[in-house]
Amino acid sequence: MTSLSQATLKFFFGTMGSGKSTQALQIRHNLTSRGLHVLLTTQLDRQAGRVSSRLGVSAEAEIITASSDLFVLASQRRTRAGLDAIVCDEAQFYSPEQIEQLARVVDLLEVDVFAFGLLTSFQGELFPGSQRLLELADERSELQVEARCFCGRRATHNARLVDGRQVYAGALMVVGDTGDRSDADVVYELRCRFHWHQAKWEHEGHQLALPVEPASRRPMINTPIQSDAEVRT
Ligand SMILES: [Zn+2]
């Protein structure tokens, strides 16, 4: 009889700017400094095969595409060079099937998986990959960061703005801030739930009088302040 794998699938989620890439790089560093073999993966080829944190640290990463089989990739890596853990950045963009492959990596290859990703899209719904991670992970943790909406409330939602107007529909994978669409200016901003809904509700003709006017309207913050917890080593 084979004994059950002791490895685990861990899912860390948070809004944009909650330090997911920083944490991913930190975990990779901690493991490799103990002599363990770690595969770092990402999904966005705009990063040219690297995971970069807003704090300036970066590392080479394997780019996962829609056709990548993570179980095959992990098996080959394990045979060739040894493999103790996979650290996945941008895990929200992995397909549900690829998340299944990660679960098999954990259970059949005894390789730990640390997946980092957003929970919900600019549409306010779970990414399919993140949904599967919530369903399958051994542990789920929310990365806490003091990211604020412009009204001062805690930011929990990602808003996509195209030419300054918030949109609720469109391709999931238009990557912001880099102008993937040649003519449109696409940026992402962090919002509280109310202000994430606001443009939609206005469009639908709902009355939007707030019981209390937000005390201070602070300027929009695209890059939220990093919490102390993230820069600690
Ligand atoms: Zn707000």
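What comes next concerns the included structure. Note that the structure is predicted; figures quoted are calculated from it, not measured. (Residues numbered from 1 in each chain as written. Predicted model: local features only at pLDDT ≥ 70, side-chain atom pairs only at ≥ 80, totals over all residues.)

1. As for the overall build of the protein
Across its full length, the protein carries six helices and eleven strands. Looking at the protein as a whole, 32% of its 233 residues qualify as buried. Long-range contacts, defined here as pairs at least 24 residues apart, represent 75% of the contacts in the protein between residues at least 6 apart. (Helix = DSSP H or I, 4+ residues; strand = E, 2+ residues; numbered from the N terminus. Buried ≥ 20, exposed ≤ 12 C-beta atoms within 10 Å, placed from the backbone. Contact = placed C-beta atoms within 7 Å.)

2. Comments concerning the sheet that holds strand β7 (residues 112-117)
The strand order β5-β2-β6-β7-β1-β8 describes an open sheet built from six strands, whose pairing is parallel. With one partner strand each, in any of the chains shown, β5 (62-63) and β8 (139-142) form the two edges of the open sheet. Relative to β8, strand β1 (residues 9-13) runs parallel, the two sharing four bridges. Residue pairing across strands places Phe 11 opposite Arg 140, the latter belonging to β8. Those strands touched by helix α1 (residues 20-32) are β1, β2 (38-42), β6 (85-88) and β7, and its axis lies near 160 degrees from that of β7. (Pairing = 2+ DSSP bridges. Axes fitted to C-alpha atoms, helices over the stretch in contact; angles between N-to-C directions.)

3. Quick look at the packing of helix α3 (residues 96-109) against helix α4 (residues 128-136)
For the pair α3 and α4, interaxial distance at closest approach is 8 Å and the crossing angle is 30 degrees. Classified by the angle between their axes, α3 and α4 sit roughly parallel to one another. The way α3 lies across α4 gives a crossing that is right-handed. Contact residues: Pro 96, Ile 99 and Ala 103 in α3; Pro 128, Gly 129, Arg 132, Leu 133 and Leu 136 in α4. (Parallel < 35°, antiparallel > 145°, perpendicular 65-115°, else oblique. Left-handed = near helix turned anticlockwise from the far one by under 90°.)

4. With respect to the packing of helix α2 (residues 70-81) against α3
Contact geometry for α2 and α3: axes closest at 8 Å, N-to-C directions at 35 degrees. Touching Leu 70, Phe 71, Ala 74, Ser 75 and Arg 78 of α2 are Gln 98, Gln 101, Leu 102, Arg 104, Val 105 and Leu 109, all from α3. Each residue belonging to the contact of α2 with α3 can be placed in one class, and the counts come to six nonpolar, three polar and two charged. (Nonpolar A, V, L, I, M, F, W, Y, C, P; charged D, E, K, R; others polar.)

5. Some points on the sheet that holds strand β9 (residues 157-162)
Strand order across the open sheet formed by three strands is β10-β9-β11, with antiparallel pairing between neighbours. This sheet does not close on itself; its edge strands, each paired only once, are β10 (165-167) and β11 (186-191). Each strand of the sheet is rotated relative to its neighbour by a mean of 45 degrees, with strand direction disregarded. Across six bridges, β9 lies against β11 in antiparallel orientation. Note that in β11 the partner of Arg 160 across the bridge is Tyr 188. In the packing of helix α5 (residues 193-203) onto the sheet, the strands contacted are β9, β10 and β11, and the crossing angle to β9 comes to about 35 degrees.

6. With respect to unusual backbone geometry
Positioned with a positive phi, Glu 90 is a non-glycine residue whose angle comes to about 55 degrees. Residue placement: Glu 90 occurs in the loop between β6 and α3. With a phi close to 50 degrees, Asp 163 is a non-glycine residue in the positive phi region. Along the polypeptide, Asp 163 turns up in the loop between β9 and β10.

7. Let's talk about the pairing of β7
Most of β7 is tucked away, with six of its six residues classed as buried. Taking every second residue as pointing to the same face, both faces of β7 are buried, with Asp 112, Phe 114 and Phe 116 on one and Val 113, Ala 115 and Gly 117 on the other. The sheet contact formed by β6 and β7 spans four bridges and is parallel. Bridge pairing links Ile 86 to Val 113 in β7. With α3 bridging β6 and its parallel neighbour β7, the resulting β-α-β unit is right-handed. (Right-handed = clockwise from strand over helix to strand, strands pointing away.)

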